[in-house]
Every structure is written in C-alpha cells, then in structure tokens.
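Fold and geometry: a report
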Amino acid sequence: SGDASSDETGLEPKSGQVMVRDNQTGVSFMQLFGAHLKGSKKITLTDPYIRYPHQLKLLLEFCVMLSKIKSEEEEIDLHLRTWNDEEYRKQSEENLYEIMITVEDIGINLTYEFQEEHDRSIVSDNGWTIVLGRGLDIFEKDEARFSLGDIDQERRKCKNFTVTYVKK
C-alpha cells in the first residue's frame with residue numbers, strides 16, 4: 001500500500017489556481033498538493049504560522065501526505081521556514097523536534113528554521129512552486145469532541161483560501 005502511483009491523486013499536475021470558499025468540504029492536502037509534489041526529493045515549506053497545536057498537527061498531516069506520494073524506500077527532505085516570537089520559540093522548537101523524530105519513521109527528514117516571512121509557499125525540487133494564500137491552516141476548527149473531520153480532512157469545513165501552482 002506504500003506504492004506511490006499517480007492514481008493516488010488521479011490528476012496530472014497543472015499550473016493555475018484553485019479557490020476554496022468558506023465552509024467548503026471535500027478538500028485534502030493529498031488533493032491540493034499530492035500530484036504537484038510527487039517525485040520531490042527536497043521541499044521547502046514557508047509558513048510563518050506553525051505554532052499552535054492544530055497547526056503543528058497540520059504539519060504532521062502534511063508529512064503523512066508526503067509519505068504517501070513516495071515509495072517506501074525513498075526519503076523526502078522537508079525544510080520548514082516558520083516564525084514565532086522569542087518568548088515562545090523554545091516551545092516551538094520542542095514541538096517541532098518531536099514532530100521531526102516522529103516523521104523520520106515515514107521517510108520524511110524534517111528540518112526547520114525561524115525566519116520572519118509573510119509569504120506562504122511550498123517549493124519543490126521537482127520544479128513546482130505552490131503559493132499558499134493561508135499556509136497549511138486552511139480548515140475551520142471543529143468544536144465536536146469526536147469528529148469525523150479529525151481523521152478525514154475531506155470532511156472538514158474550510159476557511160476560504162487560494163492556492164496557485166507555478167511550474168519553474
């Protein structure tokens with residue numbers, strides 16, 4: 001099942017733009033990024049807002065998605081450029097380190113740096129740049145204690161956002 005076939009996303013990656021509206025469902029990282037990131041060896045994710053627990057969980061989900069588009073023996077180097085104020089930086093580093101250890105098991109080599117940056121993007125060595133209107137934080141919070149959206153992104157309601165795909 002670790003086979004990285006293009007059937008996983010079923011789409012040929014195209015340049016262009018996807019717009020998602022408030023409360024839209026049926027959206028997942030696999031759908032948004034899978035086809036465009038397939039074949040990547042090195043990816044840089046720039047998202048200044050990977051600091052709160054739900055955002056850290058989204059980073060973990062992003063790593064799981066990456067693990068599904070590669071073969072089991074392949075590894076992907078994922079470099080995160082994010083930001084947090086000095087007073088919270090230590091907590092951020094502890095959380096990111098924990099995720100780094102966790103995703104090693106699925107062939108994702110996570111590194112990170114803190115850099116004040118407002119743009120949000122995913123840049124892959126496969127030639128694709130994905131400009132993220134909102135970074136990874138695209139889903140509304142679900143207040144339910146036991147929510148299907150917790151384990152299935154496509155069941156989550158989205159915030160409105162735009163994703164732009166550019167081939168270099």
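Everything below is about the structure printed above this text.
Residues numbered from 1 in each chain as written. Predicted model: local features only at pLDDT ≥ 70, side-chain atom pairs only at ≥ 80, totals over all residues. Heavy atoms only, no water.

Okay, the overall build of the chain next. Counting its regular elements, the chain contains 3 helices and 7 strands. Put simply, the chain runs from its N terminus to its C terminus through helices and strands in the order β-α-β-α-β-α-β-β-β-β. Its C-alpha radius of gyration of 15 Å places the chain within 12% of the 15 Å reference for a compact globule of 168 residues. Oriented by its inertia axes, the alpha-carbon framework of the chain measures out at about 45 × 35 × 30 Å. Counting contacts in the chain only where the partners sit at least 6 residues apart, residues at least 24 apart contribute 79% of the total. Of the roughly 9600 Å² that the chain leaves accessible, carbon and sulfur atoms contribute 49%. Between the mean site of the 22 positive side-chain charges and the mean site of the 32 negative ones, the chain shows a separation of 5 Å. (Helix = DSSP H or I, 4+ residues; strand = E, 2+ residues; numbered from the N terminus. Rg over C-alpha atoms; globule rule 2.2 N^0.38 Å. Contact = heavy atoms within 4.5 Å. Areas by Shrake-Rupley, 256 points an atom, 1.4 Å probe, with all protein chains shown as cover. Lys, Arg positive; Asp, Glu negative; His and termini not counted. Charge placed at Lys NZ, Arg CZ, Asp CG, Glu CD.)

The terminal C-alpha atoms of helix H2 (residues 53-68), which comprises 16 residues, lie 23 Å apart, in line with the 22 Å expected from a rise of 1.5 Å per residue. Along H2, the positions that sit buried rather than exposed are Gln55, Leu56, Leu58, Leu59, Glu61, Phe62, Cys63, Met65, Leu66 and Ser67. On the buried face of H2, the contacting elements are helix H1 (29-37), strand E2 (42-46), strand E3 (76-82), helix H3 (86-104), strand E4 (108-114) and strand E5 (121-124). (Expected span 1.5 Å × (residues − 1). Buried < 20%, exposed > 50% of the residue type's maximum accessible area, 1.4 Å probe, protein only.)

To continue, consider the side chain of Gln24. Along the chain, Gln24 turns up in the loop between strand E1 (16-20) and H1. Looking at Gln24, its side chain comes within polar contact range of the side chain of Arg21, at 3.0 Å. Beyond its immediate sequence surroundings of up to four residues, Gln24 is in contact with Met19, Arg156, Lys157 and Cys158. (Polar contact = N/O pair within 3.5 Å; in protein donor to acceptor, adjacent residues only side chain to side chain.)

Okay, the sheet that holds E3 next. Spatially, 7 strands are ordered E1-E7-E6-E5-E2-E3-E4 in an open sheet, and the strand pairing comes out mixed. Strands with a single pairing partner mark the edges of an open sheet, and in this sheet they are E1 and E4. On average, adjacent strands in this sheet sit at an angle of 15 degrees to one another, irrespective of strand direction. Where E3 and E4 come together, 7 bridges link them in parallel fashion. (Pairing = 2+ DSSP bridges. Axes fitted to C-alpha atoms, helices over the stretch in contact; angles between N-to-C directions.)

So, on to the packing of aromatic side chains. Scanning the entire structure with this criterion turns up 5 aromatic pairs. Taking 5.6 Å as the distance between ring centres and 40 degrees as the angle between the ring planes, the aromatic pair formed by Phe29 and Phe33 counts as tilted. A residue pair is termed a helical-turn pair when its members lie 3 or 4 positions apart in one helix, as Phe29 and Phe33 do in helix H1 at 4 residues. Both residues of the pair, Phe29 and Phe33, belong to the buried class. A connected cluster of aromatic rings, assembled from ring pairs, spans Phe29, Phe33, Phe62 and Phe139. It is Arg89 that lies over the ring of Trp83; its NZ or CZ is 4.7 Å from the centre. The positively charged end of Arg156 is found above the aromatic ring belonging to Phe139, 5.0 Å away from the centroid. (Phe/Tyr/Trp six-rings, centres within 6.5 Å; stacked < 30°, edge-to-face > 60°. Lys NZ or Arg CZ within 6 Å of the ring centre and 35° of its normal.)

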